[in-house]
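So you can see what is in the structure, the chains are spelled out below.
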Amino acid sequence: MNTKHLLAAAATLALAGSLTACTPGDDNGNDDANCTNTIPKGDLPVVTMWAWYPNMELVVDNFNEQNDEVQVCWTNAGAGGDEYDKFQTAISAGSGAPDVVMLEADRIPTFQAQNALVELNDLGYEDVAENFSDGAWKDVSVGDGVFGAPVDGGPMAMIYRKDIFEQYGITPPTTWEEYEAAAQTVKDAGGPFFGDLGANVPAVMMALQYQNGAQPFTYDSASPENMGVNLNDDASKEVLDYWAGLASKGLVGKQDQFTPEYISGVIGGEYATYISAAWAPGYLQGAGVGEGADAGVWATAPLPQWDPDNPVSVNWGGSAFSVTTQADDPELAAKVAFGVYADDASLEDGWRNQIIFPLNVNVLEDSAFQDYEVPFFDGQQANKEVYVPAANAYTGMTYTPIGQYYYSAFTEQIAAINEGSVSGSEAADALQEDVVAYATEQGFTVE
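None of the values given here were measured: they were computed from a predicted structure.

Caption draft 1: Looking closely at the layout of surface pockets. The space that makes up the largest pocket amounts to roughly 770 Å³. In terms of lining residues, the largest pocket is bounded by 33 residues, among which Glu104, Trp279, Trp316, Gly317 and Gly318 are the most central. Mapped by element, the contributors of at least two residues to the lining of the largest pocket are α3 (81-93), β3 (100-104), α9 (202-211), α12 (280-286), β13 (315-323) and α18 (403-419). If one sorts the elements of the lining of the largest pocket by residue count, β13 sits on top with five residues. Residues belonging to the lining of the largest pocket are distributed by class as follows: 19 nonpolar, 10 polar and four charged.

Caption draft 2: Up close: the sheet that holds strand β14 (residues 445-446). In space, the three strands of this open sheet follow the order β8-β9-β14, with mixed pairing throughout. Where the open sheet ends on each side, the last strands, each with one partner, are β8 (217-218) and β14. Two strands pair when backbone bridges link them, and β8 and strand β9 (residues 226-229) are joined in this way by two bridges, in the antiparallel orientation. Paired with Phe217 across the strands is Val229, a residue of β9.

Caption draft 3: Representation of the nonpolar core. One finds Met49, Met56, Phe87, Met205, Trp243, Phe321 and Val340 to be the most contacted residues of the largest nonpolar core, which totals 149 residues. Each residue touching Phe87, except ones within four places of it in the same chain, is listed here: Trp50, Ala97, Val101, Leu103, Phe111, Ala116, Leu117 and Thr324.

Caption draft 4: Looking closely at the packing of aromatic side chains. In this structure the tally under the stated criterion is 35 aromatic pairs. Considering the side-chain rings of Phe193 and Tyr271, the 6.1 Å spacing of their centres and the 25 degrees angle between planes classify their relative orientation as stacked. Taken together, the positions of Phe193 in the loop between α8 (176-188) and β7 (195-196) and Tyr271 in the loop between α11 (260-267) and β11 (273-277) put the pair 78 residues apart, joining distant regions of the chain. Residue class for Phe193 comes out partly exposed when judged on its relative accessible area of 34%. Tyr271 sits in the buried class, given a relative accessible area of 5%. Through a chain of ring-to-ring contacts, the aromatic side chains of Tyr160, Phe165, Trp176, Tyr179, Phe194, Tyr242, Trp243 and Trp306 assemble into a single cluster. Positioned above the aromatic ring of Trp298 is the side chain of Arg161, whose terminal nitrogen or guanidinium carbon lies 5.3 Å from the ring centre.

The rules we used
- Residue positions are counted from 1 within each chain, in the order its sequence is given.
- Only residues with pLDDT of at least 70 are given local features in this predicted model, and only at 80 or more are side-chain atom pairs given and counted; all residues enter the totals for whole chains, interfaces and linings.
- Where side-chain values are given, they derive from all heavy atoms of the structure, hydrogens and water being excluded.
- Grid points spaced at 1 Å and placed over the protein atoms alone form the basis of the search, with a cavity being a set where a 1.4 Å probe fits but cannot get out and a pocket an open set showing protein on both sides within 12 Å along at least five of seven lines. Lining residues have an atom within 4 Å of a point.
- Grid points are joined across faces, edges and corners, and a volume is the space filled by probe spheres set on the points.
- Helical segments are the DSSP runs of H or I of at least four residues, strand segments are the runs of E of at least two, and each set is numbered from the N terminus.
- Side-chain classes are defined by residue name, with Ala, Val, Leu, Ile, Met, Phe, Trp, Tyr, Cys and Pro counting as nonpolar, Asp, Glu, Lys and Arg as charged, and the others, Gly among them, as polar.
- What makes two strands pair is DSSP finding at least two bridges between them.
- Working definition of a nonpolar core: buried Ala, Val, Leu, Ile, Met, Phe, Trp, Tyr and Cys residues. They are joined through side-chain atoms within 4.5 Å.
- Under the scheme applied here, a residue whose accessible area is under 20% of the maximum for its type counts as buried, over 50% as exposed, and between as partly exposed, the area being computed with a 1.4 Å probe on protein chains only.
- Residues are treated as being in contact if the distance between any of their heavy atoms lies within 4.5 Å.
- Only the six-membered ring of Trp is used, alongside the rings of Phe and Tyr, when aromatic pairs are assigned; centres must lie within 6.5 Å, and planes under 30 degrees apart are stacked while those over 60 apart are edge-to-face, with the rest tilted.
- For a Lys NZ or an Arg CZ to count as sitting over a ring, it must be within 6 Å of the ring centre and within 35 degrees of the ring normal.

Structure follows, in structure tokens:
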């Protein structure tokens, strides 16, 4: 089996868009004409990078000013899917990729399976291993191989409106059973939806299934032709049946998230809670939430648990820097991947401006970060109370090269749940059948 070609076919990334990689112009790679940033030390070798963090220009400038070994030539090749399309094109063409590329953690296996990423275990990983938790490293690994330098993550919690909770005498639920009871109390009193079951956020349901003890996938780069798919076990069905029940009872809405309609509803008080990640305050504030009529009403609490005696922390989102196999000097590129968003000034700018939730333990343990009174949460010390404990307890997830197909198929099943055409358990069974068939079609042996 040609695994590289097999997984290239399995990738669900559209091959579109023109490449905008920084290409060094002389033998030393010093021509910065194609860089978004200015390279201050023209006599040093240059590593090209694609990344879309909003403060990336500051981050790159900080790195270049502080580094006397290498300089970074940075280009924003687009955020998320736009960048992935261009990277996939470069992989297929065999040229045009940058030395270092920003990837969301769940995308790493897709590109690693195409031999597009360099394993970092022997390229500086040991020097920074203690700076991140085991969960952070697991998310950027495929089997035992590390294929990304973690930067930010999304420990999950329950964001809620204090005004609605106070109006209906609700305290933050600590279990999902209490969450449903509170939702019913609010509904019976004529109040708003307690939350939302958005079909377009399947990663949330995957995380909640993990929280309940499910293990949706097993996959290891040491045996890339094999994949375990377990999407309809009892734990997974319990989660989907639970949320299907909330939806059918009218306790939660069914609106796709990240849409103008959803944001309008959030601002208008149509939802008492938002089950989301540590990056959500920045997203919500950027969308206009927390201003005007709903200013000062937001707070956050730990994610409700399925089993309070065995609490589990889960994550939604997070990005890393990976070294591509097209890098001229993988060792030098790895120094950039591990170091470019690691200085104190860049990290502090990221978390203070709610651009990232840093995974570096030096930040998580810093009193300035822990004691920070988050403006969006009306001065609540949300990091200390909620997000740092969740990040520290997170043990990681297993992603696969077919993750994007899985998310797409899961979206269809959640939509069917919201339409009332299937139960949660039926959706889980259909999802299992669909994803197994797809994985088999792509040449995997499904275990």
